[in-house]
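# Residue-level structural notes
Spelled out from the first residue to the last, the chains are:
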Amino acid sequence: MMKKSETMDINISREIMDQLAKSELNNVREIEGILNQFKLIISSGGSVTMDTAYDALQHLNISEVKEINTDLIINVVSRYFDVTTEEILSKNRNKKIVTARHVAMYFCRQILGDSYQKIADDFGGLNHTSVSDGCKNVDEKYHTDEDVKAYVDEIREMIK
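Presented here is an overview of the structure given in this document. Counting starts from 1 at the beginning of each chain's written sequence and moves along it residue by residue. Local features are withheld for residues below a pLDDT of 70 in this predicted model, meaning they are given only at 70 or higher, and side-chain atom pairs are given and counted only at 80 or more; totals for whole chains, interfaces and linings count all residues. Note that water and hydrogens are dropped before the side-chain values are worked out from all heavy atoms of the structure.

### Describing the packing of aromatic side chains
Let me state the cut-off plainly: Pairing of aromatic rings covers Phe, Tyr and Trp, the last counted by its six-membered ring, and requires centre-to-centre distances within 6.5 Å; plane angles under 30 degrees mean stacked, over 60 mean edge-to-face, and any other angle means tilted. To qualify as a helix, a DSSP run of H or I must reach at least 4 residues; to qualify as a strand, a run of E must reach at least 2; elements of each kind are numbered from the N terminus. Throughout this description, buried means an accessible area under 20% of the type-specific maximum (1.4 Å probe, protein chains only), exposed means over 50%, and partly exposed covers the range between. Any Lys NZ or Arg CZ found within 6 Å of a ring centre and within 35 degrees of that ring's normal is scored as a charge over the ring.
Within this structure, the stated rule accounts for four aromatic pairs. Taking 6.3 Å as the distance between ring centres and 40 degrees as the angle between the ring planes, the aromatic pair formed by Y80 and Y151 counts as tilted. Taken as a pair, Y80 in helix α5 (residues 70–81) and Y151 in helix α10 (residues 146–159) lie far apart in primary sequence, 71 residues in all. We classify Y80 as partly exposed; its relative accessible area is 29%. Geometrically, the ring pair formed by Y106 and F107 is edge-to-face, given 5.4 Å between the ring centres and 70 degrees between the ring planes. Among the residues examined, F107 registers a relative accessible area of 0% and is labelled buried. Aromatic rings pair up to connect Y80, F81 and Y151 into one cluster. The aromatic ring of Y116 is capped on one face by R109, whose charged end is 4.0 Å from the ring centroid.

### Some words on the packing of α5 against helix α7 (residues 95–110)
The criterion, for reference: Convention adopted: a line fitted to C-alpha atoms gives each axis, helices being fitted over their contacting stretch, and angles between N-to-C directions are expressed from 0 to 180 degrees. In this scheme, a crossing is called left-handed if the near helix is turned counterclockwise away from the far one by less than a right angle; it is called right-handed if the turn is clockwise. The criterion used for residue contact is that any of the two residues' heavy atoms lie within 4.5 Å. Each residue gets one label: Ala, Val, Leu, Ile, Met, Phe, Trp, Tyr, Cys and Pro are nonpolar, Asp, Glu, Lys and Arg are charged, and the others, such as Gly, are polar.
Close contact between α5 and α7 brings their axes to 9 Å; oriented N to C, the two are set at 145 degrees. Crossing handedness for the pair α5 and α7: right-handed. Residue-level contacts link T70, I73, I74, V77 and F81 of α5 to K96, T99, A100, V103, A104, F107 and C108 of α7. Grouping the amino acids of the contact of α5 with α7 by side-chain chemistry returns nine nonpolar, two polar and one charged.

### Re the nonpolar core
Definition in use: Working definition of a nonpolar core: buried Ala, Val, Leu, Ile, Met, Phe, Trp, Tyr and Cys residues. They are joined through side-chain atoms within 4.5 Å.
By size, the foremost hydrophobic cluster in this structure holds 29 residues, and its most contacted members are V77, F107, F123 and I155. Broken down by element, the residue count for this core peaks at eight residues, all from α7. Grouped together as the second largest cluster of nonpolar side chains are 14 residues, L20, V48, A53 and L57 included.

In short, geometric facts, not functional conclusions.
Below is the structure:
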C-alpha cells in the first residue's frame, strides 16, 4: 500500500497506513479506491486523518480494523498467493500451496511469536518439526532470494 501511495503521489502518515493495512482490504481496486479518495481530499485542500481513513473504509463496508492473529495472517497470505485458507490448512503438497503455508507459518512465528507446536496445532495438527523446517526455509530464502524477500516484505506490510 505504501508503494502504491508513493506512485500516486499521496503522502499519508505511517500511522494511517498501518491502520489501513490491518483492515480487510480484499484487492488492489479497494486500495486504489481508498487512495483515490485521499487524493481527492488532498487536492481540495483537506488533509488525510485517521477519521477520513475510517470513513474511506466504511465506504467500502470495511468498518473494523482487525487484530493481528493467526486467522488474519492466513487470510492475508491466502489472498496474496491466490489460494484458499482451506488449502493453506490442508495437507496439499502443491508447490504454490506449500509456499503459502510456509509463509503463513513464518509470520505466525515472527509476528505473533507463537511456538512451533502452537503453529502446528493451528495449521491442522502438523508436526512441530514440519513447522520449524517451513519457517527456516522461508527465513533462509528471505536472506538469499530477492523475489522471496520482496513478497515477504510486501505481505508483512499487508499484515501490519
